[in-house]
Amino acid sequence: MRSLSEWLLVPLLVLPFVLAGGLALWARDHHRSQMAAFAERGPEKVRAWLAEPEGAARWMRERFLREFGREGGGHAAQAVAVNGVGHSALVYVDGAAACGGPWRAAAAYPVGLLPTALARGATRVAIEAGTPPVAIEEPDPLAVLLRDLLREPNRDGLAAARLPAALKQYVLGQWRRHAPDEAWFEPVERLLEVLRDVETLLEDDGALPVLGAHRVGSVRVLSLGAGHPLLVMPEALRDWTTLRYVEAGSEDTPVTLTWSLADGFTADPESLVWSGRLEKPMAGWFTFFAKYGNSWTQAAGVRRWLVPVIILLVALFLLPLALLLSLRKRRRLEEARVRFINEIAHDLRTPLTSLRLHVEMLSEGKGRPEQHNRYVRVLDREASRLSALVGGLLDLSRLEGGRRSFDIATVDAEQIAREAAVEFRALHPDRSDDLVLEGASGVLAAADRAALARCLGNLLDNAGKFTEAGTSIRLSWSRAGSTVALRVEDQGPGIPAGERGRIFERYTRGGRAKEDGIPGTGLGLSLVRELMEGMGGGVRLADADHGAAFELTLPGSDA
């Protein structure tokens, strides 16, 4: 029956599991609340981050310029410098190296020469001839410049001319009619297409967009702030310009903030927390992604503390478990000691009663004279039983105290076996014919003679007590290489599988011994094991077709 202290330890065993469940629920709810805050208040958190001391402008400028460089970095689409009246820009186009530069942009047309005038054939002919049919009080410098450009292809002159992109496209078209094979015509045409969308932006101070990414016509414009050129990219380069800038943040932040020039996000939707476009204080598309995954078990705090918490919980479980096992072992040991005292008292009382009875009968002259010899044999048998019991107790006491010494010498296995057989027949006179000895002569072992004899005596005595009269008991010995083996085998009921693991433990008795009331102390097999190990040998429960078989092994001797 469990003691009160054992029952009190049960809640302590359950406590680590309760703590683990509570911590898991808290971590899950905490993670969900954090993710919900970013999902519900995404714009607010983005603006709060942009308002930090370092500022969004510096962050975005440094990241973008470090990626591309002022001249386009090493990318296939290079940058062309474009200078306007009020601002400058870097325009990213394919084949930028062939465009030359820097290019100048302007919103002004020659006096009297509006874009619609170029649609009239007569006007175009007049321009190409240098005699525009318009009322001009004095020659217009831009008109003169336009006329000069039309005379022959001049890329650098076209780049430096402060003419609108539409007029430059017109001039380029005229050049291509007369010299269609110039290699730089194609990239310049692409550049002029972009300049038509941004030239007004470059000339008008009020049209400069706020910090961030904007769409202007067919291009995307990135404003880096005052004193920095605008970065202009055609829509065709959208995949290349879909840049994602990551907020480092603290390690415990459960999300990653990304900013993109392109609209929308380009990531696994399952990791998306919030996504949307903001215009101020920095324009662009912002997205919060789950940094470590949407599962609470992947959160940084959980991963950091998971191993220490598991170790602590395991320790909290193992400590009371070890204490409980110790208490149970101690309780079983106490119960075994009480049972041992009862058994040893019974084992002592039985032969002592028999001795006293037969001594009284002899001293009082009771019984017929021819029975006196039988009385003497009974006295001898009971004295031998007492001697064996006391000797076992002495050996046990010496082994526990570390005082048992072994006198290792060369012994004859056959001689020891025959002496053990004599003792067995004295203890079990009705089983004399059941014992069979088998083995070769001259099998020598290195052992303590008295200890080996006690081991064989215990095994034979067990075989005699646990088998019925008429059941064969076989004692054999042999040598294989440098090892001598002595085997005690019977044809009885054997040892149940559930008891085989504990038969060599001290004070352990089998269920059959308890049920049938077979006398014993539960020390025999444990004493055999300790004595054999003390002599450098061993004992094991061997395999047998029927019954039980024990095998003693010792080092062989050639002396």
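Please refer to the structure higher up on the page.
Read on for an overview of the structure. Quantities reported herein were computed from a predicted structural model and do not represent experimental measurements.

Cut-offs and rules
Residues numbered from 1 in each chain as written. Predicted model: local features only at pLDDT ≥ 70, side-chain atom pairs only at ≥ 80, totals over all residues. Heavy atoms only, no water. 1 Å grid on protein atoms, 1.4 Å probe; cavity = no way out; pocket = protein on both sides within 12 Å on 5 of 7 lines; lining within 4 Å. Points joined across faces, edges and corners; volume = space filled by probe spheres on them. Helix = DSSP H or I, 4+ residues; strand = E, 2+ residues; numbered from the N terminus. Nonpolar A, V, L, I, M, F, W, Y, C, P; charged D, E, K, R; others polar. Salt bridge = Lys/Arg side-chain N within 4 Å of Asp/Glu carboxyl O. Buried < 20%, exposed > 50% of the residue type's maximum accessible area, 1.4 Å probe, protein only. Phe/Tyr/Trp six-rings, centres within 6.5 Å; stacked < 30°, edge-to-face > 60°. Lys NZ or Arg CZ within 6 Å of the ring centre and 35° of its normal.

1. So, empty space enclosed by the protein
Then, in step 1: Considering all chains together, one arrives at two cavities of 30 Å³ or more under this definition.
Then, in step 2: Around the second largest cavity, the lining residues are A420, E423, F424, L427, H428, G457, L460 and D461.
Then, in step 3: Of all the secondary-structure elements, those providing two or more residues to the lining of the second largest cavity are helix 12 (413-427) and helix 13 (449-466).
Then, in step 4: The element contributing the most residues to the lining of the second largest cavity is helix 12, with four residues.
Then, in step 5: Grouping the amino acids of the lining of the second largest cavity by side-chain chemistry returns four nonpolar, two polar and two charged.

2. Details of the pattern of salt bridges
Then, in step 1: Enumeration according to the criterion identifies 14 salt bridges in this entry.
Then, in step 2: One salt bridge connects D29 with R28, and the closest N-O pair in it is separated by 3.6 Å.
Then, in step 3: A salt bridge links R474 to E438; the shortest N-O distance between them is 2.6 Å. Taken as a pair, R474 in strand 14 (residues 473-480) and E438 in strand 12 (residues 435-439) lie far apart in primary sequence, 36 residues in all.
Then, in step 4: Judged by relative accessible area, E438 falls into the partly exposed class, the value being 34%.
Then, in step 5: Each of the salt bridges in this network shares a partner with another, and the network as a whole consists of E438, R474, R487, E489, R540 and E551.

3. Some details on the packing of aromatic side chains
Then, in step 1: Enumeration over the complete set of coordinates arrives at six aromatic pairs.
Then, in step 2: For the ring pair F38 and F288, a centre distance of 5.0 Å and an interplane angle of 65 degrees mean the geometry is edge-to-face. Pair noted here: F38 is in helix 1 (residues 4-40) and F288 is in strand 10 (residues 284-290), with a separation of 250 residues, a long-range link. Like F288, F38 is buried.
Then, in step 3: Between W184 and F185 the ring centres are 4.6 Å apart and the planes differ by 75 degrees, which places this aromatic pair in the edge-to-face class. An identical accessibility class is assigned to W184 and F185; each is buried.
Then, in step 4: A cation sits over an aromatic face here: K45 above F38, 4.8 Å from the ring centre.

By themselves, these are just geometric observations and shouldn't be taken as functional.
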